[in-house]
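So the chains spell out like this:
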Amino acid sequence: MSQFEPPLRKYERERILLEHIKENPNLHHNALIKLIVPKFMAKSTFEKTRDSLIDKEIIFVTSKSNMKFYHLTENYEHKSSQHVEQTTNNSFHDVKSQVNRLETDFPHKDIDEKIILANSLLRLLLQIDNGFTILDSVKNPKKTLYRDEHLTIQQLIFKVFEIIRNDKDSELLLPTVLSFLGIIVPKYSLDK
């Protein structure tokens, strides 16, 4: 599982907005802005954060007269789990075909395109594996329900590296791609 550190400020702003919506479900848009802006964030930041929460379906909007009200999505954990499962499965099937096409497409690209393509595929494979790991954990932490998918991802990663190793530019590609992996694999533990 790769480790991506999200920017703390974005999640802090989301938490602040969610808390205010939860504590004040009857406040309309303008009243909510008065509570939050400028004490916690700027108005444009509020709007970006609100839009992000709506896009993620964490909150939804209702209208009464000409006023907007924000509400927390009911049963969000279940809905988000379904969303993770759907997007992970769709991405999994898509990336399998991308890796299969790689063998024929890769030799015809210039070196920079090869680096970008290999790095993008490896990042995507690791993100998909993360999705399956999350689903395994949420559904049944004592079993690996997506064992076949994890194994397929492992084989696809191997295939990407085999294509790189067999490429005429492998002496330049391999160090660059491995350097990229240094960004997404753990380097140290948090307790150091």
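Refer to the structure printed above.
We now turn to the structure provided with this report.

About the cut-offs
Residues numbered from 1 in each chain as written. Predicted model: local features only at pLDDT ≥ 70, side-chain atom pairs only at ≥ 80, totals over all residues. Heavy atoms only, no water. Helix = DSSP H or I, 4+ residues; strand = E, 2+ residues; numbered from the N terminus. Rg over C-alpha atoms; globule rule 2.2 N^0.38 Å. Buried < 20%, exposed > 50% of the residue type's maximum accessible area, 1.4 Å probe, protein only. Contact = heavy atoms within 4.5 Å. Areas by Shrake-Rupley, 256 points an atom, 1.4 Å probe, with all protein chains shown as cover. Lys, Arg positive; Asp, Glu negative; His and termini not counted. Charge placed at Lys NZ, Arg CZ, Asp CG, Glu CD. Axes fitted to C-alpha atoms, helices over the stretch in contact; angles between N-to-C directions. Parallel < 35°, antiparallel > 145°, perpendicular 65-115°, else oblique. Nonpolar A, V, L, I, M, F, W, Y, C, P; charged D, E, K, R; others polar. Pairing = 2+ DSSP bridges.

## Things to note about the overall build of the protein chain
The secondary structure content of the protein chain amounts to seven helices and two strands. Relative to its length of 192 residues, the protein chain is extended, with a C-alpha radius of gyration of 22 Å against a globular reference of 16 Å. Reported as C-alpha extents along the three principal axes, the dimensions of the protein chain are approximately 65 × 40 × 35 Å. Here the protein chain holds 192 residues, and the buried ones make up 33% of them. Considering only residue pairs separated by 6 or more positions, the protein chain has 60% of its internal contacts joining residues 24 or more positions apart. Of the accessible surface of the protein chain, which amounts to about 12700 Å², a share of 53% is contributed by carbon and sulfur atoms. For the protein chain, the separation between the mean place of its 28 positive charges and that of its 27 negative charges on side chains is 7 Å.

## As for the packing of helix α5 (residues 111-139) against helix α6 (residues 147-165)
Axis separation between α5 and α6 bottoms out at 10 Å; the angle between their running directions is 170°. On the basis of the axis angle, α5 is roughly antiparallel to α6. Residue-level inspection shows A118, L122, L125, L126, I128, D129, F132, T133 and D136 of α5 in contact with α6, the latter providing E149, H150, I153, L156, I157, V160, F161 and I164. For the contact of α5 with α6, the per-class residue count stands at 12 nonpolar, two polar and three charged.

## Points about the pairing of strand β1 (residues 59-64)
A regular strand places its side chains on the two faces of the sheet in alternate fashion. In this sheet, strand β2 (residues 67-72) lies alongside β1 in antiparallel orientation, the contact comprising six bridges. Among the inter-strand pairings, F60 is bridged to a residue of β2, identified as H71. Hairpin connection between β1 and β2: a loop of two residues separates the two successive antiparallel strands, and S65 in this loop has a positive phi of roughly 55°.

## Side note on unusual backbone geometry
A cis amide bond links V37 with the next residue in sequence, P38, at an omega value of -5°. By the secondary structure assignment, P38 is in the loop between α2 (29-36) and α3 (43-55). Within the chain, E57 stands out as a residue other than glycine whose phi angle is a positive 60°. Turning to its location among the elements, E57 is positioned in the loop between α3 and β1. Even without being a glycine, N75 presents a positive backbone phi close to 55°.

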